[in-house]
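# Survey of secondary and tertiary structure
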Amino acid sequence: MRRTQDPESSGDESSPLSAADLLGFERLLLQLSVRFINLPVSEIEDAIGESLSQVVKALHIDRSTLTRLVPNLGLFEAAYSWAVEGVSPVRRRFVSEDSPWSIAMARARKPVVFDCLADLPPEAHIDKMSYQLMGLKSHVNMPIVVGGQLYGGLSFGCVRQERHWTPDILSRMRLLGDIFASALARKLAKEELDLAMGLERVASSTLASLALAERPGSETIEAGLRQIAEFAGVEYVGIWQGVGTGSELAETGHWLAQGFLARRTADFIQHLPWLHARVLGGEVVRLHRVEDLPADAQTDRATLMRHGIRSIFAMPISAAGQTTAALVMASILMEREWPEALLPGTSLLAEVFAHVHARRVIEERGRAANDEAALWRERLALLVRLDTIGEMSLALSHELKQPVGAIENYALAALRRLGEGTADLQRVSDLAEKIIGQVTRASEIVLRMRGVVQDPELHTSSFGVMRMIGECIEAVRLDCIGRRISIRSHAAEDLPEVRADEVHIQQVILNLLRNAIEAIDMHADARRREIVVEASLHDDRAVLVSVADSGVGIPEDEIERVFEAFYSTKSTGLGVGLPICRRLAEANGGSLWAARNPEGGARFFLTLPTRAVH
């Protein structure tokens, strides 16, 4: 995104800005800060490009550039750039071989500032030669940190004359970087949330079709792969399975977009030794550009380029601690990145397709049907988790808006304080601590959601049941507020800690709370809209948790049937939530049952052991 602008007459460019120029730049900073606070995410890119042009004019410099770090390639590239007419825009990419000292400074989150090339230290001799070839005379680069991670840098440069950078200008350049960082944090958070939630919806649909199919054949698998490809925007998705001695991979299923069949021949997968070795070693491969493959991957590079593949992604699939297969996506039309937010959902899908393949092998070898059923009941547990996340997505979105909004307000207040004649540094420090607190809160919200979709294997630990119940209640509180439902909890004194898999039990409690919310919403005549969660000592070996609601209730003859697979009292849903919840409770040494609530509605009881189950 590079543009040019006619230069303005600014006198001697090597001189510091006048007081009027400095005041104008401060006004620009304040305008940008206010503008970016309420700016829709979709408009942030254009606004940054426009802002760079204003900065170039206000500072009377030649160009300004926002670079970003490409994580899986380890290099920097220009994301947004603006230069005056007659000055060449910056090159698209910066690699460590050309500017090792400058890139090391950026990675260390330290600014790079020089009024002239002679100011550079001796260890920057390679950088100095690169800057001379670029015609750069004076330069500033401020690191940009987004969400605690290095995003890139905001640079200001002069190629026509040298320029002295005063401390006042440098401090305001840092503030401008903070304004851009805040806007980019909102943009990246929205993009990652959309990607993660979208992939979870695809995963839920794919899991349902595969897990509930009586015998998932190649057509069912291809339909699932097509859903993944259409969402990810790629032309190829395949399942590669280990063959022979386990040092090579072969395709067992794929989907390929129409019009690309001519690009794919029989030797496509066979001649990728570098990729096979990485994947079978358990490494996730995220290749942005085929040209970026290392020197020892010449065979892979030639194969991929011959078939027109420009970017490739491979997620290893493990069984019993050993990588045996991979889910592979390839882009043919364009180069693309593979962000971190893509990994959890892709890992889940890869595991599911691996079990699909295992199921087909079991059927072909005629193994017992009960072994197959046990395997697929585990997959249904993942369906429930994805379903729970789908219901909680709106609450998560609302929760994240609060800390992000608070961060912006505190940052604006800090900016105003620094702009005062004598800034109150203690007040600015207090505002910075509040910003850190809100960032921590946002991280905890995301981690709580991620915990729900962890591996269904049993990982027991001791924990306080009321603390765990409180976290579950907080996860649904906004939803309850929106539906005018009160929710409260109560515990007996001196309750012992329980011994179970906390993630499993969270899943059970969240499912019971969600069912309670839906039951109350279905009860149009309910005068009380209330959920009560209680914990007490069941006996000397267990704690009893009850979840009571004032909803429509359960008919007497259906109380036990709600725990039957695929039976549901709701018009929507698979009817697998409560059966899986009971199974999870029993797997942790507890039990789950239902009863009618004497005050109207339903009541569910869950026992949890206070000692390890042998």
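Residues numbered from 1 in each chain as written. Predicted model: local features only at pLDDT ≥ 70, side-chain atom pairs only at ≥ 80, totals over all residues. Heavy atoms only, no water.

## Topic: the overall build of the protein
Looking only at helices and strands, the protein features 14 helices and 19 strands. Burial analysis of the protein (614 residues in total) assigns 49% to the buried set. In the protein, the proportion of contacts linking residues at least 24 apart, taken out of those at least 6 apart, comes to 68%. In the structure as shown, the protein presents an accessible area of about 29300 Å², 51% of it carried by carbon and sulfur atoms. (Helix = DSSP H or I, 4+ residues; strand = E, 2+ residues; numbered from the N terminus. Buried < 20%, exposed > 50% of the residue type's maximum accessible area, 1.4 Å probe, protein only. Contact = heavy atoms within 4.5 Å. Areas by Shrake-Rupley, 256 points an atom, 1.4 Å probe, with all protein chains shown as cover.)

## Considering the nonpolar core
A general tendency of soluble globular proteins is for nonpolar side chains to be buried together. Phe 36, Leu 59, Phe 156, Trp 165 and Met 173 are the most contacted members of the largest nonpolar core, which has 56 residues in total. The element that contributes the greatest number of residues to this core is helix 5 (residues 167-212), accounting for ten residues. In this structure, Leu 59 is in contact with Leu 17, Phe 25, Phe 156, Arg 163, Ile 169 and Met 173, ignoring residues within four places of it in sequence. Counting residues in hydrophobic clusters, the runner-up holds 43 residues, among them Ile 473, Val 498, Ile 509 and Leu 578. (Core = buried A, V, L, I, M, F, W, Y, C linked by side-chain atoms within 4.5 Å.)

## Points about the pattern of salt bridges
A complete count under the given rule lists 19 salt bridges for this structure. Asp 521 is the salt-bridge partner of Arg 529, the closest N and O atoms lying 2.8 Å from each other. Residue Arg 529 is classed as buried on the basis of its relative accessible area of 18%. Residue class for Asp 521 comes out partly exposed when judged on its relative accessible area of 35%. With a shortest N-O distance of 3.1 Å, Glu 530 and Arg 528 are connected by a salt bridge. Using a relative accessible area of 31% as the deciding quantity, one classes Arg 528 as partly exposed. Within this structure, Arg 278, Glu 283 and Asp 296 form a network of salt bridges that share partners. (Salt bridge = Lys/Arg side-chain N within 4 Å of Asp/Glu carboxyl O.)

## As for the sheet that holds strand 16 (residues 530-539)
Taken in spatial order, the five strands make up an open sheet running 14-16-17-19-18, and their pairing is mixed. Each having just a single partner strand, strand 14 (486-491) and strand 18 (591-596) make up the two edges of the open sheet. Recorded for the sheet is a direction-independent mean angle of 20° between the axes of neighbouring strands. Bridge count between strand 14 and strand 16: six bridges; the pairing is parallel. Looking at strand 16, one finds that Ile 487 is bridged to Ile 531. (Pairing = 2+ DSSP bridges. Axes fitted to C-alpha atoms, helices over the stretch in contact; angles between N-to-C directions.)

## Quick notes on the packing of helix 1 (residues 19-37) against helix 2 (residues 44-59)
At their nearest, the axes of helix 1 and helix 2 sit 11 Å apart, and the two run at 175° to each other. In this view, helix 1 runs roughly antiparallel relative to helix 2, as classed from their interaxial angle. On the side of helix 1, the interface is formed by Phe 25, Leu 28, Leu 32, Arg 35 and Phe 36, while helix 2 contributes Ile 44, Ala 47, Ile 48, Glu 50, Ser 51, Gln 54, Val 55, Ala 58 and Leu 59. Partitioning the contact of helix 1 with helix 2 into residue classes produces ten nonpolar, two polar and two charged. (Parallel < 35°, antiparallel > 145°, perpendicular 65-115°, else oblique. Nonpolar A, V, L, I, M, F, W, Y, C, P; charged D, E, K, R; others polar.)

## Overview of helix 12 (residues 465-482)
The end-to-end C-alpha distance of helix 12, which contains 18 residues, comes to 26 Å, matching closely the 26 Å that a straight helix rising 1.5 Å per residue would cover. The axis of helix 12 is deflected most strongly, by about 45°, at Val 476. Within helix 12, burial applies to Val 465, Met 468, Ile 469, Cys 472, Ile 473, Ala 475, Val 476 and Cys 480. Backbone geometry just downstream of helix 12 places Arg 484 in the positive-phi region, at approximately 60°. (Expected span 1.5 Å × (residues − 1). Bend = angle between axes of the 7 residues up to and from the residue.)

## Structural notes on the packing of aromatic side chains
Overall, the coordinates contain four aromatic pairs when judged by the stated rule. The interplanar angle of 40° and the centroid separation of 5.3 Å between the aromatic rings of Phe 114 and Tyr 131 together place this pair among those described as tilted. Separated by 17 residues along the polypeptide, Phe 114 in strand 5 (residues 112-114) and Tyr 131 in helix 4 (residues 125-134) bring together distant segments of the chain. For Phe 114, a relative accessible area of 1% translates into the label buried. A residue is classified by how much of its surface remains accessible, and Tyr 131, at 6% relative accessible area, is buried. Ring plane angle 15° and centroid distance 5.4 Å describe the contact between Trp 593 and Phe 605, whose orientation is recorded as stacked. Residue Trp 593 is found in strand 18, and its partner Phe 605 is found in strand 19 (residues 602-609); the two are separated by twelve residues along the sequence. Just above the ring of Trp 338 sits the side chain of Arg 336; from NZ or CZ to the centre is 4.3 Å. (Phe/Tyr/Trp six-rings, centres within 6.5 Å; stacked < 30°, edge-to-face > 60°. Lys NZ or Arg CZ within 6 Å of the ring centre and 35° of its normal.)

## Examining the confidence of the model for the protein
Here the protein shows a mean pLDDT of 77. Residues at 70 or above account for 73%. No element of the protein has a lower mean pLDDT than strand 1 (residues 2-5), which averages 38, and none a higher one than strand 5, which averages 95. Here residues 452-456 is a poorly scored stretch, pLDDT under 50, and it has 13 contacts once near neighbours within four places are set aside; other chains count. Across residues 571-576, confidence stays below pLDDT 50; counting only partners more than four residues off in sequence or on other chains, it has ten contacts. (pLDDT = per-residue confidence, 0-100.)

## A short note on the packing of helix 3 (residues 100-107) against helix 4
Between helix 3 and helix 4, whose axes approach to 6 Å, the crossing angle comes to 110°. Classified by the interaxial angle, the pair formed by helix 3 and helix 4 is roughly perpendicular. For the pair helix 3 and helix 4, the contacting residues are Pro 100, Trp 101 and Ser 102 in the first and Ile 126, Asp 127 and Tyr 131 in the second. Considering only residue class, the contact of helix 3 with helix 4 consists of four nonpolar, one polar and one charged.

## Let's talk about the environment of Ala 78
For Ala 78, the position within the fold is in strand 3 (residues 75-84). Residues Ala 78 and Thr 65, spaced 13 residues apart in sequence, show a C-alpha to C-alpha distance of 6.7 Å.

## Some points on the side chain of Arg 336
The residue Arg 336 is located in the loop between strand 12 (322-331) and helix 9 (343-364) in this model. Buried and unpaired, Arg 336 has Glu 235 as its nearest opposite-charge partner, separated by 8.0 Å. Setting aside residues no more than four positions away along its own chain, Arg 336 makes contact with Ala 232, Gly 233, Val 234, Leu 287, His 288, Ser 311 and Ser 331. (Lys, Arg positive; Asp, Glu negative; His and termini not counted.)

## Considerations on unusual backbone geometry
Positive phi values are uncommon outside glycine, yet His 60 reaches one of about 55°. For His 60, the location among the structural elements is in the loop between helix 2 and strand 2 (63-70). Looking at His 60, the relative accessible area reads 18%, which means it is buried. A positive phi angle, close to 60°, is found at Arg 484, a residue other than glycine. Its place among the elements puts Arg 484 in the loop between helix 12 and strand 14. Residue classification places Arg 484 among the exposed positions, given a relative accessible area of 64%.

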